[in-house]
Amino acid sequence: MIFPQNNITFKGYDAAPLKRIYSDGEYCGAFENEMEQVSKKEGISFEVLYDGTKWTQDGKTIVEKNGSPYLIGSSKISPMLLYTMFGWHGIKGTKEEGFLTGGNTFIGKFPNGEKWLLSGEDNLTKDKEKISKAYDVKPENIHFIPQQNYHLDMFIRPVGYPYVLVNDPELVKENIEKLNGTKEDKENFKAEFKRYCNFQKIYGYSSCDETIRKLEKLGFIPIRIAGDYGWAVNFMNGIVNKHDDGTISYITNSTKCKDKLHSSIEKVFEEDLRTKIPNLDKTYFIAGKNDIWTENRNFIMGALEGEGGGIHCMSLEEPDFEMWA
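Please read all numbers here as calculations on a predicted model, not as lab measurements. As a convention, each chain's residues are numbered from 1 in the sequence order in which they are written. For this predicted model, a pLDDT threshold of at least 70 governs which residues receive local features, and a threshold of 80 or more governs which side-chain atom pairs are given and counted, while totals over whole chains, interfaces and linings are taken from all residues. Excluding hydrogens and water, the side-chain figures rest on all heavy atoms present in the structure.

**Some words on the layout of surface pockets**
- Reported here for the largest pocket is a volume of approximately 420 Å³.
- Secondary structure counts use DSSP, requiring at least four H or I residues in a row for a helix and at least two E residues in a row for a strand, with both numbered from the N terminus. Elements with a contribution of two residues or more to the lining of the largest pocket: α4 (169-176), α5 (183-203) and α6 (208-217).
- Considering every element that reaches the lining of the largest pocket, the biggest residue donor is α5, with seven residues.
- In this classification, the charged set is Asp, Glu, Lys and Arg, the nonpolar set is Ala, Val, Leu, Ile, Met, Phe, Trp, Tyr, Cys and Pro, and all remaining amino acids, among them Gly, are polar. Of the residues that constitute the lining of the largest pocket, the class distribution is seven nonpolar, seven polar and eight charged.
- A pocket, in this scheme, is an open set of points on a 1 Å grid over the protein atoms alone with protein on both sides within 12 Å along at least 5 of 7 lines, while a cavity is a set where a 1.4 Å probe fits but cannot get out; residues line either one if an atom lies within 4 Å of a point. Grid points are joined across faces, edges and corners, and a volume is the space filled by probe spheres set on the points. The calculated volume of the second largest pocket comes to roughly 250 Å³.
- Lining the second largest pocket are 15 residues; nearest its centre among them are Asn188, Phe189, Glu192, His262 and Arg297.
- Contributions of two or more residues to the lining of the second largest pocket are made by α5, β12 (228-230) and α7 (260-263).
- A per-element tally of the lining of the second largest pocket places α5 first, with five residues.

This is how it looks when you write it as structure tokens:
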């Protein structure tokens, strides 16, 4: 599916104008310079915080309360971080019983201005009253969807209500033929991807079709895309920034490395993304410094493959709520 060009409205946290992106100072050294450069181009401030966790996204979320940013977190969020965020940026915060893992949650707005929240069915917390209190979203607008992976940000990416990118493994299989490499390289990649998909089934994750049916039932318009190519390559795990003119930029994980086939995947993805989202302005791919374990991976690929997280997992977004319409 491709966006109807005369009917695109980018609204909501899912495609919000961003004010700041934060990453943890203990872990972001490998990609800090890249993110600073990208943020500068996008008119965003890139900030380093210290919470002692690599997955900055998961344990905390900046939400809007009374028109201002407010930091909520799990029971593990440190008091020092709460003090620091208030002291440095004037952002108050607290631990919330209704907190949902950040990487497993997306927030947006309907055309009438009401907020919606999507989260994964595997959440331990499904108490909508507590979630509503934490996120300032009406209980009836809180929805749980089937999970194709352990967190939503590994297989879907909202890009402006009602549109949601959804990873489709069948499209990945088709795109493997477009990659640079020998026939043997492609066959090896296919075999590895098959093992990856089999693992997903054994683990009990849902199918792409199940996710799409649920999203459609809720009134969203899913857009199938080849975004998850296996353990080391995931483009769904991205950050979206909305511009004043309604266009968006997409910040995601790079595949550039010494391996020719892997290096070609990001170009194929960007070409796909531009056909699906005509209002796409720029796509940025974050690589980080070379991974120390293998020549055929960059830092971000190593983090995805070895630890299960990419650039979205290692970032905390603060939308510009004054501009959020």
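**Quick notes on the packing of aromatic side chains**
- For Phe, Tyr and Trp, rings pair up if their centres lie within 6.5 Å, where Trp contributes its six-membered ring, and each pair is then called stacked (planes under 30 degrees apart), edge-to-face (over 60) or tilted (otherwise). By the definition in use, this model includes 16 aromatic pairs.
- Ring geometry for Phe235 and Phe285: centres 6.0 Å apart, planes at 80°, overall edge-to-face. Highlighted residues: Phe235 in the loop between β13 (233-234) and β14 (239-242) and Phe285 in strand β16 (residues 280-286), separated in sequence by 50 residues. Taken as a pair, Phe235 and Phe285 share a single burial class, namely buried.
- Note on Tyr250 and Phe269: the rings are 5.9 Å apart at their centroids and 50° apart in plane angle, and the pair reads as tilted. Taken together, the residues span a long stretch of sequence, with Tyr250 in strand β15 (residues 248-253) and Phe269 in helix α8 (residues 265-276) at a distance of 19 residues. You'll find Tyr250 and Phe269 in the same group, each marked buried.
- Three or more aromatic residues joined by ring pairs make a cluster, and in this case those are Phe193, Tyr196, Phe199, Tyr203, Tyr205 and Trp231.
- Either the NZ atom of lysine or the CZ atom of arginine qualifies as a charge over a ring when it sits within 6 Å of the ring centre and within 35 degrees of the ring normal. Directly above the aromatic system of Trp324 lies the positively charged group of Lys109, at a separation of 4.1 Å from the ring centroid.
- Note that Lys126 overlies the ring of Phe144, its terminal NZ or CZ placed 5.8 Å from the centroid. Relative accessible area decides the class of each residue, using a 1.4 Å probe on protein chains only: under 20% of the type maximum gives buried, over 50% gives exposed, and in between gives partly exposed.

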